[in-house]
Amino acid sequence: VSTQSTGRLRKTYAMSYNPLNYLTYKWEDVEDVGVLIVKVIKCIDLPETDNIIGTSDPFCFIEVENTRVRTPTMYKTHDPVWNKQFKFNIKDIHSTLNIRVFDEEKNKYNFLGCVKLPILEAHVIHRCLLKDRKLERVGYGEIFLETELVYNPFKAAIKTLLPREENLMYEEPKFKRNLFMQNFKRVYTLATVALSLGLSIQRIYNWENKAKSAIALMLYILLVVTFELYMVPMFAAIVIIYEFLARWVGFKTFETWILNADQQDIASKDDDPDDGEDFSLTAKMKMVMGVCQTVQNSLDLVASYCERVKNVFNWTIPFLSFMAATALISGTILLYFIPLRWLVLCWGINKLTVKLRNPEYEENQEVLNFLSRLPSDVELNQMRIISKESSKRKDRHGICQKSRRHK
């Protein structure tokens, strides 16, 4: 695009993407939702790649969705100045602006740094520290950008509900230990939040704080008695609005309410690199093996319970299948004559007050206990009785197959 200021270009494109021009539309007509103008101004303090001269020959790749452009190469400098503007037609405002800086050589490009910015925040002058190739750590040098986004909110909202365009420049990551551990920690963090919520509910269930448990009981009764289906999206909207206000006003977020201080201290200790932990190759291998074992056992647990549910309907254990059929028929009769609201109310009151009525009561999970009595497919195969005749037939069948392969 021309070298005029991004402010003038914004006025030029503002009329083209005016929301009032798109009050009537067709879903198939939604293509470009706006325009992104990127001005790459300069970089400073880039690392040296030429050991003899002590300089670099930098240039930039600018990528938005499936479009890539590049700046000219500035030779023999640490602080290149480009002042080049580029225009991108945006099909999805939830895409990202990716800029990678390289040093040009005869046969290859040396990576110097990169930045990644969401397009929706592309309306200011950015001064960004360059990051490493994985976008995890700060590298060397800074880049100066001036960006401006003009888009039609109606078309952008419609495009959000349509299938996302495939990123043709995306490369599927290969298996790496560090990436595997990073993803495991992400899942572990989410599991920690869920566990903290479960512990909070367990403390209410155990009546450790009678005031909180009494309030929870009254709220439960009020919710079940007055519940209507429209309250589900209403509560979700309340949570989103509260999180928005919490970040602007300074309230505590729901995650902060759920996580207690003890678990935060434990997490901070685990993340401390100076805790004297052994990071030798043997320790890393043991850590990876421990994670793999945890994943293996979790997959086995999920698969086993799914197979047990299937075996209920297959009459693998007739006694247990008969129990399940009797319970389901009884539940059908109860639901036919008694509204679900009152059954849930009675069940919840019983669960929340059982510890108050009997402090020595041990918690019982009836459904999980029932499923634990059913064998999984692996256990069924292990318990399968093999007679001598069937074993001989199997051996003969194996010998015939081997002879056929040999021929």
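The written sequence of each chain sets the order in which its residues are numbered from 1. Restriction of local features to residues with pLDDT of at least 70 applies here, the model being predicted, together with a cutoff of 80 or more for giving and counting side-chain atom pairs; totals for whole chains, interfaces and linings are based on all residues. Side-chain descriptors were evaluated using all non-hydrogen atoms of the structure, hydrogens and water having been removed beforehand.

### Here we look at the overall build of the protein
Move 1: Each helix is a run of H or I in the DSSP string that is no shorter than four residues. Each strand is a run of E no shorter than two, and both are numbered from the N terminus. Counting secondary structure elements, the protein contains 13 helices and 8 strands.
Move 2: For the protein, the proportion of its 407 residues judged to be buried stands at 27%.
Move 3: Areas reported here follow the Shrake-Rupley algorithm with a probe of radius 1.4 Å; residue values treat only the protein chains shown as occluding. Surface accessibility of the protein: about 29400 Å² in total, with carbon and sulfur atoms responsible for 61%. Note on classification: 1.4 Å probe, protein chains only; a residue is buried when its accessible area is under 20% of the maximum for its type, exposed when over 50%, partly exposed between these limits.

### Details of the side chain of Ser-213
Move 1: Tracing the sequence through the fold places Ser-213 in helix H4 (residues 210-226).
Move 2: Residue classification places Ser-213 among the buried positions, given a relative accessible area of 3%.
Move 3: Polar contacts, as used here, are pairs of N or O atoms within 3.5 Å; protein pairs need one atom able to donate a hydrogen and one able to accept it. Residues neighboring in sequence count only if both atoms are side-chain atoms. A polar atom in the side chain of Ser-213 sits 2.8 Å from the backbone oxygen of Ile-204.
Move 4: Only heavy atoms enter the contact rule, under which two residues are in contact if any of them lie within 4.5 Å. Apart from residues no more than four positions distant in its own chain, Ser-213 is found in contact with Arg-203, Ile-204, Trp-207 and Glu-208.

### Details of the pairing of strand S2 (residues 58-64)
Two faces belong to every sheet, and in a regular strand the side chains alternate between them.
Move 1: When you tally the buried positions in S2, you get 7 out of 7 residues, the bulk of the element.
Move 2: Across the two faces of S2 the burial is the same, with Pro-58, Cys-60, Ile-62 and Val-64 and Phe-59, Phe-61 and Glu-63 all buried.
Move 3: For two strands to pair, DSSP has to find at least two bridges joining them. Pairing geometry for S2 and strand S5 (residues 96-104), over 7 bridges, is antiparallel. Within S5, the position partnered with Pro-58 by the bridge is Asp-103.
Move 4: For S2 and strand S3 (residues 67-70), the ladder comprises 4 bridges, and the chain directions are antiparallel.

### Observations concerning the environment of Ile-317
Move 1: Turning to its location among the elements, Ile-317 is positioned in the loop between helix H8 (281-313) and helix H9 (318-337).
Move 2: In this structure the C-alpha to C-alpha distance between Ile-317 and Pro-375, which are 58 residues apart in sequence, comes to 8.5 Å.
Move 3: Excluding anything up to four places from it in sequence, Ile-317 contacts Leu-374 and Pro-375.

### Digging into a nonpolar patch on the surface
Move 1: On the surface, Leu-223, Phe-227, Leu-229, Tyr-230, Val-232, Met-234, Phe-235 and Ile-238 cluster together into a nonpolar patch covering about 770 Å² of accessible area.
Move 2: At 4 residues, helix H5 (residues 231-249) tops the list of elements feeding residues into the nonpolar patch.
Move 3: Tracing the sequence through the fold places Leu-229 in the loop between H4 and H5. Residues enter patches when their relative accessible area tops 30% and they take part in no salt bridge; the joining distance is 9 Å for like charges and 5 Å for the nonpolar side chains Val, Leu, Ile, Met, Phe, Trp and Tyr. Whenever Lys or Arg places a side-chain nitrogen within 4 Å of a carboxyl oxygen from Asp or Glu, that contact is recorded as a salt bridge.

Fair warning: the whole summary comes from geometry, so function is off the table for now.
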